[in-house]
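Listed below, chain by chain, are the residues.
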Amino acid sequence: MRSRAFVLLVFILLASNAAASRTAQSPPAPAPAPPGQEAAPTPPPNYAYEPDTRRDPFVSLANRGTDAGAATRGSRPEGLAGILVDEVVVRGILQTKGGWVAMIGLPSGRSFTVRPADRLMDGTVRAITAQAVVFMQEVNNPLSLEKQREVRKFLRGEVK
């Protein structure tokens, strides 16, 4: 007798769980459209970010404001004024009557001729020697104590 009651109780619990899972899995069927009319599609929900007093999580925290980093993201000036010091590769160094002249190249394949005191996007050509071109690069890090750093680009590898 006791086992029959237990089996009956288990059967009732299983049946109620199965009925509940069937109703939870199937969404209610939409009402059929009247004959001759088609049902209007439901519009997708509109999503909008409302920041209130919070910052936008999709805006980078690096290079904010009007520093030189912001200028590199947009369009650059044409010619030598649009080149960054880090992009420069020294292709050749020539000696002329007026002093040393260097031929620099870019990864894009363009080449330029530079002389001391020529201005680049983030620095200037400080000096040209027979072995290297010396740049003074502007540092845009507010935590750095130095505002400029010297960058040497050698003609044939880095010589110490």
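Below is a summary of the structure that appears in this document. These numbers come from a predicted model, not from an experiment.

Strands sit in the order β1-β2-β3 across an open sheet of 3 strands; the sheet is antiparallel. Edge positions in the open sheet fall to β1 (89-96) and β3 (111-114), since each of these has one partner strand only. Within this sheet the neighbouring strands show an average axis-to-axis angle of 20 degrees, counted without direction. When β1 meets strand β2 (residues 99-105), the two strands line up antiparallel, connected through 7 bridges. Counted as the bridge partner of L94 is V101 from β2.

Moving on, we come to the side chain of D122. Looking at the element boundaries, D122 is found in the loop between β3 and β4 (123-128). For the buried D122, no salt bridge exists, and the shortest N-O distance to an oppositely charged side chain is 6.9 Å, to R149. Separated by 2.9 Å, the side chain of D122 and the backbone nitrogen of V85 make a polar contact. With near-sequence residues (within four places) excluded, D122 lies in contact with I83, L84, V85, M136, Q137 and E138.

Let's shift gears to the pattern of salt bridges. Should their charged atoms come close, side chains of opposite charge can pair. Under the counting rule described, the total for this entry stands at 5 salt bridges. The residue E87 makes a salt bridge to R76 at a minimum N-O spacing of 3.0 Å. Taken as a pair, E87 in the loop between α2 (68-73) and β1 and R76 in the loop between α2 and β1 lie far apart in primary sequence, 11 residues in all. Here E150 makes a salt bridge to R126, at a shortest N to O gap of 2.6 Å. Linking E150 in strand β6 (residues 148-154) with R126 in strand β4, this pair joins segments that are 24 residues apart in sequence. Of the residues examined, E150 reaches a relative accessible area of 40% and is grouped as partly exposed.

Rules used in this analysis
Residues numbered from 1 in each chain as written. Predicted model: local features only at pLDDT ≥ 70, side-chain atom pairs only at ≥ 80, totals over all residues. Heavy atoms only, no water. Pairing = 2+ DSSP bridges. Helix = DSSP H or I, 4+ residues; strand = E, 2+ residues; numbered from the N terminus. Axes fitted to C-alpha atoms, helices over the stretch in contact; angles between N-to-C directions. Buried < 20%, exposed > 50% of the residue type's maximum accessible area, 1.4 Å probe, protein only. Lys, Arg positive; Asp, Glu negative; His and termini not counted. Salt bridge = Lys/Arg side-chain N within 4 Å of Asp/Glu carboxyl O. Polar contact = N/O pair within 3.5 Å; in protein donor to acceptor, adjacent residues only side chain to side chain. Contact = heavy atoms within 4.5 Å.

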